[in-house]
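# Reading the structure
The chain contents come next:
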Amino acid sequence: MENVESLIKAIPYINKFYGKTIVIKYGGNAMIDEDLKQSVIKNIILLKYIGINVIIVHGGGPDINKELQNYNIKPNFKDGIRVTDLETIEIVKKVLIGKTNSDIVNIINRQGAKAIGISGIDGTSILCKQLDKQLGYVGDIVNINCELIQNIINMGYIPVIAPIGIGKDGEVYNINADIVANKIATSIKAEKLILLTDVDGVKVNDEVISVLDEEKINELIDKKIITGGMIPKVKSCLDCTQNGVKSVHIINGCKKNSLLIEMLTDSGIGTMIV
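These numbers were taken from a predicted model, which means no experiment stands behind them.

About the criteria used
Residues numbered from 1 in each chain as written. Predicted model: local features only at pLDDT ≥ 70, side-chain atom pairs only at ≥ 80, totals over all residues. Heavy atoms only, no water. Pairing = 2+ DSSP bridges. Helix = DSSP H or I, 4+ residues; strand = E, 2+ residues; numbered from the N terminus. Axes fitted to C-alpha atoms, helices over the stretch in contact; angles between N-to-C directions. Contact = heavy atoms within 4.5 Å. Phe/Tyr/Trp six-rings, centres within 6.5 Å; stacked < 30°, edge-to-face > 60°. Buried < 20%, exposed > 50% of the residue type's maximum accessible area, 1.4 Å probe, protein only.

Turning next to the sheet that holds strand E9 (residues 164–167). One open sheet accounts for 4 strands, arranged E7-E6-E9-E10; its pairing is mixed. In this open sheet, the two strands that pair with only one neighbour each are strand E7 (139–144) and strand E10 (172–174). Pairwise comparison of adjacent strand axes, ignoring direction, gives a mean angle of 45° for this sheet. In this sheet, E10 lies alongside E9 in antiparallel orientation, the contact comprising 3 bridges. Across the sheet, the residue bridging to Ile-166 is Val-172, located in E10. Where helix H4 (residues 86–110) meets the sheet, its contacts fall on E9 and E10, and the angle it forms with E10 comes to roughly 75°. Set on the sheet, helix H6 (residues 177–187) makes contact with strand E6 (126–130) and E7; between it and E7 the angle comes to about 15°.

Counted according to the given criterion, the structure contains 1 aromatic pair. When the ring of Tyr-137 is compared with that of Tyr-173, the centres are 6.2 Å apart and the planes differ by 40°; the resulting orientation is tilted. In this pair, Tyr-137 sits in the loop between E6 and E7 while Tyr-173 sits in strand E10, placing the two residues 36 residues apart along the sequence. A residue is classified by how much of its surface remains accessible, and Tyr-137, at 27% relative accessible area, is partly exposed. Its relative accessible area of 7% is what places Tyr-173 among the buried residues.

Here it is as structure tokens:
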């Protein structure tokens with residue numbers, strides 16, 4: 001009976017988001033733990049089945065590090081960005097496109113839904129230039145072409161996108177998955193961008209703040225409550241909402257069914273930025 005009541009309470013949210021598009025950035029420990037991976041994918045499939053258009057942008061840092069170790073290459077980071085030389089970008093392509101992307105697509109297809117895996121190389125969907133010579137093949141997004149992504153959605157499939165871009169001269173670039181998800185959400189005018197992370201959201205005194213806007217974000221930064229790596233994350237989320245996306249959600253993908261709780265319940269589970 002409790003399950004039935006929960007379904008009935010979800011009806012207004014199903015009605016609200018039916019036919020709308022959401023972008024989910026999928027990464028962190030929710031991609032590493034096999035049980036969590038299955039749970040997240042089931043949440044995504046359910047959202048698709050109730051009529052929500054879902055776009056997945058995935059990371060793959062742990063898989064890349066593991067493969068680099070197989071080649072006796074030590075991962076190298078500068079200011080949190082992976083330094084990507086010619087040898088590393090070949091491994092990044094191999095892992096993100098050949099393994100991580102295809103694994104996610106395979107899980108979705110095995111569970112009865114339909115997915116197509118692409119990267120920004122396909123259809124020149126993500127056009128890049130070099131971000132910084134010192135970082136090597138790391139991309140700064142110049143343009144998002146949503147035509148291929150939209151066509152995949154129109155055919156009834158879930159697009160699963162690897163964060164790889166291409167330059168005007170054919171160079172291949174590694175890009176931060178958060179940035180790719182942000183730019184795709186903005187370009188396709190998504191209803192929501194959801195960041196599945198390893199944290200519960202933005203916290204004050206160990207309590208998650210349910211809703212943040214520009215005024216509150218600036219106040220918390222000034223008071224040094226929002227600090228470190230969370231500052232660029234919330235600013236990026238705010239930028240997204242100021243460019244056509246209705247809301248951005250930071251939620252803990254390691255908590256079972258967090259995606260459904262955030263999308264289809266009154267309480268939610270993370271921080272929503274509007």
